[in-house]
Amino acid sequence: MQVSQQSRDLITLQQLPREAEAARVLYEHFLSRLNETTALQGNHRANSRILSRAVVALRPSTPRQTLIIAMSAVFRLLESLAVVLGREMQRDGFRTARELEAATATLYWVRTLRCH
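Residues numbered from 1 in each chain as written. Predicted model: local features only at pLDDT ≥ 70, side-chain atom pairs only at ≥ 80, totals over all residues. Heavy atoms only, no water.

Looking at the overall build of the protein
Turning to step 1, where the next piece is worked out: Check the secondary structure of the protein and you find 4 helices and 0 strands.
Turning to step 2, where the next piece is worked out: Shown N-terminal to C-terminal, the secondary structure of the protein runs as helices and strands in the order α-α-α-α.
Turning to step 3, where the next piece is worked out: For the protein, the accessible area works out to roughly 12,000 Å², and carbon and sulfur atoms hold 61% of it. (Helix = DSSP H or I, 4+ residues; strand = E, 2+ residues; numbered from the N terminus. Areas by Shrake-Rupley, 256 points an atom, 1.4 Å probe, with all protein chains shown as cover.)

So this is what it looks like as structure tokens:
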């Protein structure tokens, strides 16, 4: 029993220096980072200069709503025209009898046959 207790104590004694060394290395790392940060803060200066003073606005600047509304109306109209023209170009059928007659000339003959 005494041997096993001494063995555990020896293992604990061997672990303590390793843990102390790890803590020391970590502390030195944090200390060096602190020194670097402190040195950089002392040397940091703004790399800028004032070219001219700002002009105070006489009235608040906002987007011009009338211009935006007018432009959106024009674009909406153009978009609608493009949709209508596109659908008209895709249409393959005839809307009136005259269109069909002009394209085929058969209704004229059918109408004249019925009349006689």
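Some points on a nonpolar patch on the surface
Turning to step 1, where the next piece is worked out: Taken together, the side chains of Leu67, Met71, Val74, Phe75, Leu77, Leu78 and Leu81 define a hydrophobic patch exposed on the protein surface, amounting to about 670 Å² of accessible area.
Turning to step 2, where the next piece is worked out: By the secondary structure assignment, methionine 71 is in helix H2 (residues 65–90).
Turning to step 3, where the next piece is worked out: Taking relative accessible area as the criterion, methionine 71 reaches 40% and is therefore assigned partly exposed. (Patch = residues over 30% accessible without salt bridge, like charges linked within 9 Å, V, L, I, M, F, W, Y side chains within 5 Å. Salt bridge = Lys/Arg side-chain N within 4 Å of Asp/Glu carboxyl O. Buried < 20%, exposed > 50% of the residue type's maximum accessible area, 1.4 Å probe, protein only.)

A word on the pattern of salt bridges
Turning to step 1, where the next piece is worked out: In this structure the tally under the stated criterion is 4 salt bridges.
Turning to step 2, where the next piece is worked out: The partner of glutamate 21 in a salt bridge is arginine 24, with the nearest N and O atoms 2.3 Å apart. Of the two residues, glutamate 21 and arginine 24 are both situated in helix H1 (residues 2–43); the distance of 3 residues between them amounts to about one turn of the helix.
Turning to step 3, where the next piece is worked out: Owing to a relative accessible area of 38%, glutamate 21 belongs among the partly exposed residues under this scheme.
Turning to step 4, where the next piece is worked out: Under the relative-accessibility criterion, arginine 24 is labelled partly exposed at 35%.

Remarks on the confidence of the model for the protein
Turning to step 1, where the next piece is worked out: Averaged over the protein, the pLDDT score is 82; the fraction of residues at 70 or greater is 85%.
Turning to step 2, where the next piece is worked out: Predicted confidence in the protein is weakest over helix H4 (residues 106–115), with a mean pLDDT of 58, and strongest over H2, with 93. (pLDDT = per-residue confidence, 0-100.)

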